[in-house]
Amino acid sequence: MSEQEQQQPVQDESHVIAERRSKLKAMREQGVAFPNDARRTHHAADLHKDHGEKPAEELEPQAIRVGVAGRMMLKRVMGKASFATIQDSTARIQLFVTKEGIGEDLYDAFKKWDLGDIVSAEGVLFKTKTGELSVKVDQLRLITKSIRPLPEKFHGLSDQETKYRQRYVDLIVSEETRKTFIARSKIVAAIRHFMLDNQFLEVETPMLHPIPGGASAKPFTTHHNALDMQMFLRIAPELFLKRLIVGGFERVFEINRNFRNEGLSVRHNPEFTMMEFYAAYTDYKWLMDFTEQCIRAAAIAAQGTATVMYQGREVDLAKPFERLTIVGAIQKYAPHYTLAQLEDVAFLRTELKKFGEEAMAHLGLGALQLALFEETAESQLWNPTYIIDYPVEVSPLARASDTHPGITERFELFMTGREIANGFSELNDPEDQAERFRKQVEAKEAGDDEAMYYDADYIRALEYGMPPTGGCGIGIDRLVMLLTDSPSIRDVILFPHMRPEA
RNA sequence: GGGGUGGUAGCUCAGUGGUAGAGCAGCGGACUUUUAAUCCGUUGGUCGAGGGUUCGACCCCCUCCCACCCCA
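The following paragraphs examine the structure supplied in this document. (Residues numbered from 1 in each chain as written. Chains lettered and ligands numbered in written order. Predicted model: local features only at pLDDT ≥ 70, side-chain atom pairs only at ≥ 80, totals over all residues. Heavy atoms only, no water.)

Re the nonpolar core
As a rule of thumb, soluble globular proteins bury nonpolar side chains together.
Right, so step 1: In terms of nonpolar packing, the biggest core is built from 44 residues, with Ile 191, Met 195, Met 275, Phe 277, Leu 317 and Ile 474 touching the most fellow members.
Right, so step 2: A total of eight residues in this core trace back to one element, the largest contributor, which is helix H10 (residues 284-303).
Right, so step 3: Met 275 has contacts with Ile 191, Met 195, Phe 253, Glu 254, Ile 255, Cys 294, Cys 472, Gly 473, Ile 474 and Ile 476, leaving out every residue within four places of it along the chain.
Right, so step 4: If you look at the next biggest cluster of nonpolar residues, it comprises 27 residues, including Ile 64, Val 66, Ile 93 and Tyr 107. (Core = buried A, V, L, I, M, F, W, Y, C linked by side-chain atoms within 4.5 Å. Buried < 20%, exposed > 50% of the residue type's maximum accessible area, 1.4 Å probe, protein only. Helix = DSSP H or I, 4+ residues; strand = E, 2+ residues; numbered from the N terminus. Contact = heavy atoms within 4.5 Å.)

Observations regarding the environment of Ile 172
Right, so step 1: You can see Ile 172 is positioned in helix H7 (residues 167-173).
Right, so step 2: Separated by 56 residues in the primary sequence, Ile 172 and Gly 116 place their C-alpha atoms 8.9 Å from one another.

Focus on the pattern of salt bridges
Right, so step 1: Per the counting criterion, the structure on display carries 32 salt bridges.
Right, so step 2: Between Arg 165 and Glu 161 there is a salt bridge whose closest N-O contact spans 2.9 Å. Placement of the pair is Arg 165 and Glu 161 together in helix H6 (residues 160-165), with a separation of four residues, close to one helical turn.
Right, so step 3: Of the residues examined, Arg 165 reaches a relative accessible area of 22% and is grouped as partly exposed.
Right, so step 4: By relative accessible area, which is 42% here, Glu 161 ends up partly exposed.
Right, so step 5: Connected through salt bridges with shared partners, the residues Arg 20, Lys 23, Asp 114, Asp 117 and Lys 145 form a single ionic network. (Salt bridge = Lys/Arg side-chain N within 4 Å of Asp/Glu carboxyl O.)

Examining the environment of Ala 81
Right, so step 1: Structurally, the position occupied by Ala 81 is in strand S2 (residues 81-87).
Right, so step 2: Remark: the alpha-carbon pair of Ala 81 and Arg 184, spanning 103 residues in sequence, is separated by 41 Å.

Considerations on the protein's contact with RNA strand B
Right, so step 1: Neighbouring RNA strand B are 43 residues; Arg 76, Lys 129, Thr 130, Lys 153 and Glu 161 lie closest to it.
Right, so step 2: Here a phosphate oxygen of RNA strand B and a side-chain polar atom of Arg 499 are 3.0 Å apart.
Right, so step 3: Listed by contribution, the elements that provide at least two residues to the surface near RNA strand B are helix H1 (15-30), strand S1 (65-77), S2, strand S3 (92-98) and H6.
Right, so step 4: When its residues are assigned to classes, the surface near RNA strand B shows 16 nonpolar, eleven polar and 16 charged. (Near = heavy atom within 4 Å. Polar contact = N/O pair within 3.5 Å; in protein donor to acceptor, adjacent residues only side chain to side chain. Nonpolar A, V, L, I, M, F, W, Y, C, P; charged D, E, K, R; others polar.)

A closer look at H1
Right, so step 1: Its 16 residues place the ends of H1 23 Å apart at the C-alpha level, agreeing with the 22 Å of an ideal helix rising 1.5 Å per residue.
Right, so step 2: Taken as a whole, H1 has its buried residues at Ile 17, Ala 18, Arg 20, Ser 22, Leu 24 and Met 27.
Right, so step 3: Looking one or two residues past H1, Gly 31 carries a phi angle of roughly 145°, positive in sign. (Expected span 1.5 Å × (residues − 1).)

A look at the sheet that holds S3
Right, so step 1: Judged by pairing direction, the barrel is mixed, and its five strands sit side by side in the order S1-S2-S3-S5-S4 before closing back on the first. Across the sheet, the mean angle separating the axes of adjacent strands is 55° when strand polarity is ignored.
Right, so step 2: Across three bridges, the pairing between S3 and strand S5 (residues 133-144) is parallel. Following the sheet pairing, Phe 96 is matched in S5 by Lys 136.
Right, so step 3: Those strands touched by helix H2 (residues 44-51) are S1, S3, strand S4 (118-127) and S5, and its axis lies near 90° from that of S3. (Pairing = 2+ DSSP bridges. Axes fitted to C-alpha atoms, helices over the stretch in contact; angles between N-to-C directions.)

Thoughts on the side chain of Ser 134
Right, so step 1: Within the element layout of this structure, Ser 134 appears in strand S5.
Right, so step 2: In this structure the side chain of Ser 134 is engaged in a polar contact, spanning 3.0 Å, whose partner is the side chain of Gln 94.
Right, so step 3: Within the structure, the side chain of Ser 134 is placed 3.0 Å from the backbone oxygen of Glu 132, a separation counted as a polar contact.
Right, so step 4: Contact partners of Ser 134, with chain neighbours within four places excluded, come to Gln 94, Val 124, Leu 125, Phe 126 and Thr 128.

Regarding unusual backbone geometry
Right, so step 1: Phi is positive for Gln 199, which is not a glycine, with a value near 65°.
Right, so step 2: You can see Gln 199 is positioned in the loop between helix H8 (175-197) and strand S6 (201-202).
Right, so step 3: The phi torsion at Asp 389 lies on the positive side, around 70°, for a residue other than glycine.
Right, so step 4: Within the secondary structure layout, Asp 389 lies in the loop between strand S15 (385-388) and strand S16 (410-415).
Right, so step 5: Classification of Asp 389 as partly exposed rests on a relative accessible area of 27%.

Now the structure itself:
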C-alpha cells in the first residue's frame, strides 16, 4: 500500500477501525473482497469428536484432509510459522500456518489479518507437541474482513449494556451466552415435543387484537390504516385458544409472544414468550399434574436432571410440587398471622397499608388475602409450589368453585419466588362469563386500566357450547431463566428491550 | 416514580483538586510447535453530556442522559 492510499481516520471512528478499513480497501483493489465460494467440509466440534482422542502416530499417517471456516479469535504469529484459533458455530480449532505451507506472499498477508476476520482453510489434521488437534494449512483465504475490533480476547465483554445492545458481539465472545440460547432452544423444543406427544395441536392465533383480552394488563396500541381502526398487540392468546376448543380442537397450544405495556425489570420484558395450552374434559387438578410433568421434561432436556441449581441454591423439580391455598401459604411463611386475622377484612386492610398498599377499599376478602400473600409469602416460594383457591374477583375467566363461594378452580405456580404459570378450570358458562365481563367493564370505567373489555364474540362462541376445559399459561422466559441459571430476563431474550442509545 | 452503584483509549480496568495510566487490540521490528505466545519499540483520550465552584476539575457541587441492582 502506498503512502497516498493511507486514509485519514474518519471522525467518529477509532484508528483501529480506520486501519482495518484501509486493509479492506486494499482487498477490494486486489479482487473480490467478500467472496462467497468458500466451502467447508468439517465443523470444529466434529473434528474434535472424531479425531481429538487419536494419538499423533495414529492420526498423522491417515493424512485426513479437511476444510474449515470460522472467525479468527486468537492469533500467534512467528517469523515463518504461526498459530491461529478459529471459531465456528460448534467449537474452536487451531490452524498451523507456515510460510512453507502457503507461500511467502500469502503468509505475509496473513500476518496482517485481524482478530475477528472470517477465514477458510484447508489442510491436514495433525497433533502439536502439546497434543492439540490442529490443521496444517496449505490453503488459506480471508473471506470476510471484520472492520470493528472484538472485545479484549481474555476478559471478553463485561459491559452489560453492550452485551444487550450488541448481542452479536456478546455471542461472538461469550460461550456462556451461546450456551444460554442453545439451552433455550432445547427447552422450547422439549416442551413442544411434550405437548405433541400428549395429542395437543400447535396453533397460531392473532397477535393483532381488535379487543385486548385474556389477561389483566395494559396493552400496546397500534393502528390499522386500511381499516382505519385502533388495534392492540395481544396481551394473551387465551380467548382465541378457547374459541378453538369451542370449534372442536380439544387440545391446543401456542408458544408465542405476548406484549404488555408495563415497566421493565429483572423479570419483565414488554414482549415475552408464553405457552398457553387448553385441554377439553380436564380441570385445574389435571392441569397441575400435567404442568409439573411438562416442566420436569423441559428441565431434563436442558440440564439432564430435574434437580437444578439457581443462583447457588438448589431447586427441586423432581419431587411432587407442593400445593397450598393462599391462606395456607401465608400461614406457612408468615406464621405470626392468626387464621382469624386472615379472615378479618378490616385487619387485612390495616396490615396491607403497612406494606404501602393503596386503593384497597374496593377489594373483597379474597383479594385482600391475595395481596397479603404477595407481600409476605410469594418471594419465599423457592421450590415449586402451586397456590390454589384464587378469588373470583381477580379471576374473571376462571370457573367458580361449586362448593366454595367466591373461590375459583385456579392455581398459580411459583418457584424461586416468581410466578411461572397460571392455570384454571375454564369458565364455560356464557351467562356467568358475560356477567364477569360486565363487572370488568365497570371496573375499567371506575379507573382500573388493567380491567378487561367485554368481548361479545367470545361470549357468542361460548354460547355455542365449550366443553369443560382446563387451560394454563407457562412463562417461557422465566422458566428458561431458572433452567439456565440466569439472574435477569434480559439474559434469556436475545434482543431485550432497551432505551434507544443516546 | 424513589434509592444505590457505575459510565476514563476499540476492549478490560487503575487513577489523583496541579501536564491522563496499564494490559489487550492496533502500528513497526525479531521469532518454525504457540496456547491470553513471547521480546523490543510505538500510535491512540471532548475522562457520558451540560452548567457551576476554583488560579486550576476526570476528581467537588447541580442538572440531564444511559446502564445495572433494590424498592414502589
